[in-house]
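This is what each chain is made of:
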Amino acid sequence: MGGFLALALGVGMLTATGLGLAAALAPPPRAPERFASSPVVVLGQDRLTVEVRRGPGTALVSRPLDRPQPVDTAVLRDLRARWTLTGAETGAPDAVGLDAPVAEVGAVVGDRAQVLTGADRRRADPGHEDDTRELTGLNALLGTTGGVAAFVSVFVVASVFAFSVALRRREFGLLRTAGATPAQVRRLLLAEAAVLGVTASAAGCALGALAAPPMARALVAGELAPAWFADAAAGSAGWPYHAAFWTGLGVALAGAAAAAHRAGRTGPTAVLREADVDRDVLPPGRALLGAGLLAAGLGLLLWTYGTEPEALLKRKTYTTLPMLLIGGAALLAPLLVRPVARLLPVPGGGAVGLLVRANAAAAVRRTSAVAAPVLVTVALAGTLFGASESVARAKETEARERTAASYAAEAGPTSLFVRDGPEAVVKYRAHAVADPAGFAELARLPVVAGDLADLDDRSIVVNEEFERRRVGEDVEVWRADGSGPVRLRVAAVLARGTGDNGPYVTRAQAPGATPDRLGPGAEPRPVNQAARIGLRLLLGITLLYTVIALASTLLMATSVRGTELAALRLAGATRAQALRAVTGEALLAVAVGTALGLAVTAAVLGALGAALATLSAPVTLALPWAETGAAAAVCAAVAVAASALPAWRLAR
């Protein structure tokens, strides 16, 4: 039942997120708003196209501009000479509409502007770019959610199968005694997994179809998706159902494969065993895979810090990299729980405490089966919330330290396109300075070379990310509207920081930029709301899986401990003492998982703090005690309930 619920929920989440991704990747056609009555729209160029080197030859690369360029005045004059234009009342419109044959309009315009018809006319609507940005963030959120759901469900299903095999060793011994071959035992378990996978995946697909519309409405209400997404997510795309169903079946079979191999090795003498001391709890294959994942995670963490420390500040990195560490630690849990359990305080004292520690150390499979999902939950809560909050606080602190003024007109946002070697063109988020002299006097930027006072209309302040970053060198740039290129002299070089340290130019190189106001005592900028909602969604999914894993594992484990509890009662233990021993053991296993999860969190946040220091950014690490504490508390409550209920009946 535990495996069925975990798999059904995982497939349901994959189906729902898949339907959302299908709607976001292929949005339904929408009628244009700004030029709804114009069959043809002429739009100014909205991309910068630059020739770069590709191998022995050259190629053209394009980068999106912040806003479309105005339609060329010569184009407007030629169009007015033949047709009536809509939207040309202003001096330099970025788009005009007209009613004319598209072929004739294209012949007049040529390559001086873009000619749009049909649904493409929406590119001239004011909200078109906002929709594009929202859909980009939505794709990342849904993709990460589906990935975490698959990642966690693999561990839960594999844990349920592995522990059930450990409990059924006498059954397999009886089958071997009756003449069953190891291959038959393996086929038995794989057939059970196939039945579970098919039924749970089918149920999960139905659940996902029901969950997709309310999920889409919640995303729209949280301003994480455009308004039309609420209806589009209930579309009829078929690939999300296929992807989720076959993934669920594959997860079930993969989770059972290792357990089936171990079950096939069970000998006929296992029917005679009654000992509760676990042996051979870490098969060589699991040990090798766990060690490999742990080594890969630590190696990538150190390599990224050493070669590209700024990557550790990006959400994609601190969301995916910890998965390797978490996976490796969870696989090695049978090896880690015994030494960690010896170091932790034991619930209860005296004989009960001694019994709790001894049972936890002897029944390693049971302890690790409880600790592993807790480890996954606490580590995900700690790394995801801790990294995102730490990066956000570093950015806030860095922004506050940029000026010494009580009131200031801060540099306005703009963009610059810079050639990065002969093979690439990079788009930088830049800042436009209106008063260079006042800026140099009041700014408190991490200057590593040059002087801010040298900034003028023919120069630029760059950061250490630039290929050309020596004071006095020339940098070839294109402005935010695509005009250029112009050559600007490097006036000063800044430390990289969190990514917002420059470049800086004057307003002469930033057409259309407007200043941002910054006042005294301003509250720190809140962490991106979309990121917060996404992280809470991920934590909720993981916690739900953990609850299922803990409940199923402890209900199974405690229900076969009748002989042990009866022996305790015969030895003089009261019913309450027996219950304290069982629940104390469950709490110790949860504490072991929490400690291992915090160790993974410390490794990730430690690397992040070192990266911030290397980048000369404020090191303001945020330890998410509220999230990790809440996750551990829920796990502890479920563990106590799932172990106490069957123990209360058995200890009579």
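Here the structure is shown first, and the text comes after it.
Residues numbered from 1 in each chain as written. Predicted model: local features only at pLDDT ≥ 70, side-chain atom pairs only at ≥ 80, totals over all residues. Heavy atoms only, no water.

(A) Representation of the environment of Ser 236 within the structure. Inspection of the secondary structure assignment puts Ser 236 in the loop between helix H7 (229-232) and helix H8 (239-264). Remark: the alpha-carbon pair of Ser 236 and Ala 209, spanning 27 residues in sequence, is separated by 9.8 Å. (Helix = DSSP H or I, 4+ residues; strand = E, 2+ residues; numbered from the N terminus.)

(B) Summary view of the packing of helix H13 (residues 364-400) against helix H17 (residues 575-614). Interhelical geometry of H13 versus H17 gives an angle of 30 degrees and a closest axis separation of 7 Å. It follows from the interaxial angle that H13 and H17 lie roughly parallel. Regarding H13 and H17, the two cross each other, and that crossing is right-handed. Looking at the contact of H13 with H17 residue by residue, the classes come out as 20 nonpolar, nine polar and two charged. (Axes fitted to C-alpha atoms, helices over the stretch in contact; angles between N-to-C directions. Parallel < 35°, antiparallel > 145°, perpendicular 65-115°, else oblique. Left-handed = near helix turned anticlockwise from the far one by under 90°. Nonpolar A, V, L, I, M, F, W, Y, C, P; charged D, E, K, R; others polar.)

(C) Main features of the environment of Gly 562. For Gly 562, the position within the fold is in helix H16 (residues 562-570). Spatially, the C-alpha atoms of Gly 562 and Arg 652 are 9.8 Å apart, while their sequence positions differ by 90 residues.

(D) Spatial organisation of helix H10 (residues 315-331). Compared with the 24 Å implied by 1.5 Å per residue over 17 residues, the 25 Å span of H10 between its first and last C-alpha is a close match. Of all 17 residues that make up H10, 13 are buried, and the element is covered over most of its length. (Expected span 1.5 Å × (residues − 1). Buried < 20%, exposed > 50% of the residue type's maximum accessible area, 1.4 Å probe, protein only.)

(E) Geometry of the nonpolar core. Counting residues in hydrophobic clusters, the biggest one holds 77 residues, and the most contacted among them are Val 152, Ile 326, Leu 380 and Val 592. It is H13 that provides the largest number of residues to this core, a total of 13 residues. Once you skip the residues sitting within four places of it in the chain, Val 592 turns out to touch Val 337, Val 340, Ala 341, Leu 344 and Ala 371. In this structure, Ala 16, Leu 19, Ala 24 and Ala 233 belong to the second largest nonpolar core, which totals 19 residues. (Core = buried A, V, L, I, M, F, W, Y, C linked by side-chain atoms within 4.5 Å. Contact = heavy atoms within 4.5 Å.)

(F) The layout of surface pockets, seen in detail. Put simply, the second largest pocket is a space of about 800 Å³. Around the second largest pocket sit 34 residues that line it, and Ala 158, Ala 162, Ala 258, Arg 286 and Leu 331 are the ones nearest its centre. Looking at the lining of the second largest pocket, the elements with two or more residues in it are helix H4 (128-167), H8, helix H9 (284-307), H10 and H13. Looking at which element gives the most residues to the lining of the second largest pocket, the answer is H4, with eight residues. Residue classes in the lining of the second largest pocket are distributed as 23 nonpolar, six polar and five charged. (1 Å grid on protein atoms, 1.4 Å probe; cavity = no way out; pocket = protein on both sides within 12 Å on 5 of 7 lines; lining within 4 Å. Points joined across faces, edges and corners; volume = space filled by probe spheres on them.)

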